[in-house]
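Analysis of the macromolecular model
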Amino acid sequence: MFVFFKTLWRDHPIRVAMALVITISLLRLCALFFYQSSLGPDEAQYWFWSQQLDWGYYSKPPMIAWVIALPTAIFGDHVWAVRFLSPLLIGGTAILLMLTGRRLYDDHIGAWAGLLWLTLPAVLLGTTIISTDIPLLFFWSLSLYALVGLSQSKGPQTYGWAILLGAGLGLGLLSKYAMIYFFVGWGGAILISDAARKSLKPFPLLGAAVVAASFFTPNLLWNAQNGFQTLSHTADNANWGRQLLNPGELWAFFSAQFGVAGPILFSALLVGLATLKKRQRQAAGEAPKDLMLLAFILPPLIIICTQALLSRAHANWAMTAYPAAMILLPAWW
């Protein structure tokens, strides 16, 4: 049996990983029916919003309410129904990372990327709750997949990838404003990576911008009509009115990342960063791809570390660093 699985993994890693991701996601979905817990305060608030759909809410963009409204409209207002899409979106994120890893490197790295995503402690927790990070990370990963496709495509195909990219960006912004880090990472990637610079295709990017704006503009208009409540609440979360320079908060956030990503994976990321120059020399042909992914990993970590030093930061605020990390780590290994 082991020999059969080893051969199957060697010859068809994507098929094996896809089957495992789908199986695990369905098992986690079934587990929601037996997971005995009440909605948390945030979940209850999101469910309340889902009773009256709109383009924005006091503290968050509207996607979380929509994600709850769909299954509860079908199954009723059960706790498991409120959380119904969590394991499915997490599984979808794993598949997107798998496809992105395959496009950037090869089938084996793509397969590992998808499976590693499912092992993150924060992701394991996410399958038992509903939160804004879950749709955010799905659309972040969709945007990364589309950006890689746009970078590698030519001719009319570029417009299809651009439309997909615009949809991912727009829906990501409707999920959580942390999607803005994607633009920071993209800009950094263009500066340091030839692979990312291949995405600079003016007319397809114009189409991507139009699609993204068509999704996100209604939320901006809602904010304008409601005193920019969501944007101001997001700024209030920074809490810069406190005493600046809080090394204890910085250490608390940094050490919490060993719990978010798991001690093995986060340690592997730190070791990889420490030995980056050596790795770049040993695998010069992969350097542009590695640097492109690093540009999406480091900004959220650096920005939130800075935020923690200046005030405070919750452990999950840098979750957008980890989709690209799950592709880069097996590529380094």
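Everything discussed here concerns the structure shown above.
Everything in this summary refers to the structure shown in the same document.

Conventions adopted
Residues numbered from 1 in each chain as written. Predicted model: local features only at pLDDT ≥ 70, side-chain atom pairs only at ≥ 80, totals over all residues. Heavy atoms only, no water. Axes fitted to C-alpha atoms, helices over the stretch in contact; angles between N-to-C directions. Helix = DSSP H or I, 4+ residues; strand = E, 2+ residues; numbered from the N terminus. Parallel < 35°, antiparallel > 145°, perpendicular 65-115°, else oblique. Contact = heavy atoms within 4.5 Å. Left-handed = near helix turned anticlockwise from the far one by under 90°. Expected span 1.5 Å × (residues − 1). Bend = angle between axes of the 7 residues up to and from the residue. Buried < 20%, exposed > 50% of the residue type's maximum accessible area, 1.4 Å probe, protein only. Core = buried A, V, L, I, M, F, W, Y, C linked by side-chain atoms within 4.5 Å. Salt bridge = Lys/Arg side-chain N within 4 Å of Asp/Glu carboxyl O. Polar contact = N/O pair within 3.5 Å; in protein donor to acceptor, adjacent residues only side chain to side chain. Phe/Tyr/Trp six-rings, centres within 6.5 Å; stacked < 30°, edge-to-face > 60°.

**Details of the packing of helix H10 (residues 157-175) against helix H11 (residues 180-192)**
Packing of H10 against H11 leaves a shortest axis separation of 9 Å and a crossing angle of 135°. Classified by the angle between their axes, H10 and H11 sit oblique to one another. Contacts from Leu165, Leu169 and Leu173 of H10 reach H11 at Ile180, Phe182, Phe183 and Trp186.

**Some words on the packing of helix H9 (residues 133-152) against helix H18 (residues 287-310)**
Packing of H9 against H18 leaves a shortest axis separation of 13 Å and a crossing angle of 155°. Relative to H18, H9 is oriented roughly antiparallel. In terms of crossing hand, the pair formed by H9 and H18 is right-handed. Facing Trp140, Leu144, Leu147, Val148 and Ser151 of H9, the residues of H18 in contact are Met292, Leu293 and Phe296.

**So, helix H13 (residues 202-225)**
With 24 residues, H13 should cover 34 Å at 1.5 Å per step; its first-to-last C-alpha distance of 33 Å lies within 8% of that length. Approximately 40° is the largest bend angle found in H13, and it occurs at Phe216, with the proline Pro218 only one to four residues beyond. Those residues of H13 that sit buried are Pro204, Ala208, Val211, Ala212, Phe216, Asn219, Trp222 and Asn223. Once H13 ends, the next one or two residues include Gly227, with phi positive near 65°.

**Details of H11**
A rise of 1.5 Å per residue sets the reference length of H11, with its 13 residues, at 18 Å; its end C-alpha atoms lie 19 Å apart and thus fit the reference within 8%. Looking at the buried positions of H11, the neighbouring elements they touch are H9, H10, helix H12 (194-197), H13 and H18.

**Some thoughts on the nonpolar core**
Counting 101 residues, the largest nonpolar core has Trp117, Leu165, Phe182, Phe296, Ile297, Tyr322 and Met326 as its most contacted members. Broken down by element, this core gets its largest block of residues, 13 residues, from H9. Not counting chain neighbours up to four residues away, the residues in contact with Tyr322 comprise Trp117, Leu120, Gln257, Val260, Ala261, Phe266 and Leu301.

**Considerations on the pattern of salt bridges**
As enumerated under the stated definition, the model contains three salt bridges in all. Between Asp194 and Arg197 there is a salt bridge whose closest N-O contact spans 2.2 Å. Pair noted here: Asp194 and Arg197 are both in helix H12, with a separation of three residues, about one helical turn. On the basis of relative accessibility, which here comes to 33%, the residue Arg197 falls in the partly exposed class.

**A look at the side chain of Ser193**
As for its position among the elements, Ser193 is in the loop between H11 and H12. Judged by relative accessible area, Ser193 falls into the buried class, the value being 0%. Among the polar contacts made by the side chain of Ser193, one reaches the main-chain carbonyl oxygen of Pro288 at a distance of 2.6 Å. Non-local contacts of Ser193, meaning those with residues more than four positions away in its chain, are made with Pro288, Leu291 and Met292.

**Remarks on the packing of aromatic side chains**
Applying the stated criterion across every chain, the model contains 19 aromatic pairs. Aromatic pair Phe182 and Trp186: ring centres 6.4 Å apart, planes at 70°, arrangement edge-to-face. Residue Phe182 and its partner Trp186 are both found in helix H11; the two are separated by four residues, about one turn of the helix. On the numbers, 4.8 Å between centres and 45° between planes, the contact of Phe182 with Phe296 is tilted. Taken together, the residues Phe182 in helix H11 and Phe296 in helix H18 connect sequence positions 114 residues apart. We note that Phe182, like Phe296, is buried.

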